[in-house]
Amino acid sequence: MSSSAPPSTRAGLTGRITAGSAFPRGRLPQPLLRRRPPAQVERRVAAICGDLGIGPDDMAGTALRFVPSTPAVSTVVPGTRSVRNVERDTALSDGRPLTDDQPATLAGHRWQRNFHG
């Protein structure tokens, strides 16, 4: 199984996109920003954090634990831009899964998108 998320989705997992976020021209495709404005990402992240009882800084780690909670996935290979993120991602390989109720909670936040439309 392979998955590649668009830049705005990956950035959303950091929990740091807010309604006031601005991106340099060329950093993100403009159609993505029109279809998924930062305020919308911020609201969705806040809802997920609230339902899971986590902070925005825990979003990426929770996502990395969520992916292998699906039996069809055995390996997660995250992309990263800094040594700090590599260290944080590696620390998540401690074998500690999500709690039993977290995958169902996250499933309720599924955000169906058409990245190619």
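Heads up: these notes are all about the structure in this document. In every chain, residue numbers begin from 1 and rise along the written sequence. Local features are withheld for residues below a pLDDT of 70 in this predicted model, meaning they are given only at 70 or higher, and side-chain atom pairs are given and counted only at 80 or more; totals for whole chains, interfaces and linings count all residues. Here the side-chain values reflect all heavy atoms present in the structure, with hydrogen atoms and water set aside.

This brings us to the overall build of the chain. Regarding its fold elements, the chain presents six helices and zero strands. Helix numbers and strand numbers start at the N terminus; a helix is a DSSP run of H or I with at least 4 residues, a strand a run of E with at least 2. Helices (α) and strands (β) of the chain occur, in sequence order from the N terminus, as α-α-α-α-α-α. Per-residue accessibility, obtained with a 1.4 Å probe over protein chains only, is compared with the maximum for each type, and a residue is labelled buried under 20%, exposed over 50%, and partly exposed between these values. Looking at the 117 residues of the chain, the share that counts as buried comes to 26%. For this analysis, residues touch if any pair of their heavy atoms sits within 4.5 Å. Contacts in the chain between residues at least 24 apart in sequence constitute 66% of all its contacts with a sequence separation of at least 6.

Time to look at the environment of Pro78. Relative to the helices and strands, Pro78 is located in the loop between α4 (59–66) and α5 (83–91). Between the alpha carbons of Pro78 and Ala60 there is a distance of 9.9 Å; along the sequence they are 18 residues apart. The residues contacting Pro78, other than those within four sequence positions of it, are Leu64 and Asp89.

To find leftover empty space, a probe the size of one water molecule is rolled over the atoms. The way it works is a 1 Å grid over only the protein atoms, where trapped points that fit a 1.4 Å probe form a cavity and open points with protein on both sides within 12 Å along at least five of seven lines form a pocket, and then any residue with an atom within 4 Å of a point lines it. Grid points are joined across faces, edges and corners, and a volume is the space filled by probe spheres set on the points. Per the counting criterion, the structure on display carries two cavities of 30 Å³ or more. There is about 40 Å³ of room inside the largest cavity. Considering the residues around the largest cavity, the lining is formed by Leu13, Thr14, Arg16, Pro56, Asp57, Ala60, Arg84 and Arg88. Its residues assigned to classes, the lining of the largest cavity shows three nonpolar, one polar and four charged. The residue classification treats Ala, Val, Leu, Ile, Met, Phe, Trp, Tyr, Cys and Pro as nonpolar and Asp, Glu, Lys and Arg as charged. All others, Gly included, are polar.

A word on the pattern of salt bridges. When a carboxyl oxygen of Asp or Glu lies within 4 Å of a side-chain nitrogen of Lys or Arg, that pair is called a salt bridge. Applying the stated criterion across every chain yields a total of two salt bridges. The partner of Asp94 in a salt bridge is Arg96, and the shortest N-O contact between them spans 3.8 Å. A residue is classified by how much of its surface remains accessible, and Asp94, at 47% relative accessible area, is partly exposed. Each member of the salt-bridge network shares a partner with another, and the members are Arg65, Asp94 and Arg96.

Next up on the list: the nonpolar core. Remark: nonpolar core denotes a set of buried residues (Ala, Val, Leu, Ile, Met, Phe, Trp, Tyr, Cys) joined through side-chain atoms within 4.5 Å. Listed in full, the eleven residues of the largest apolar core are Ile17, Val41, Val45, Ile48, Cys49, Leu52, Ile54, Met59, Leu98, Leu106 and Trp111. Take this core: its biggest share by element is five residues, from helix α3 (residues 38–52).

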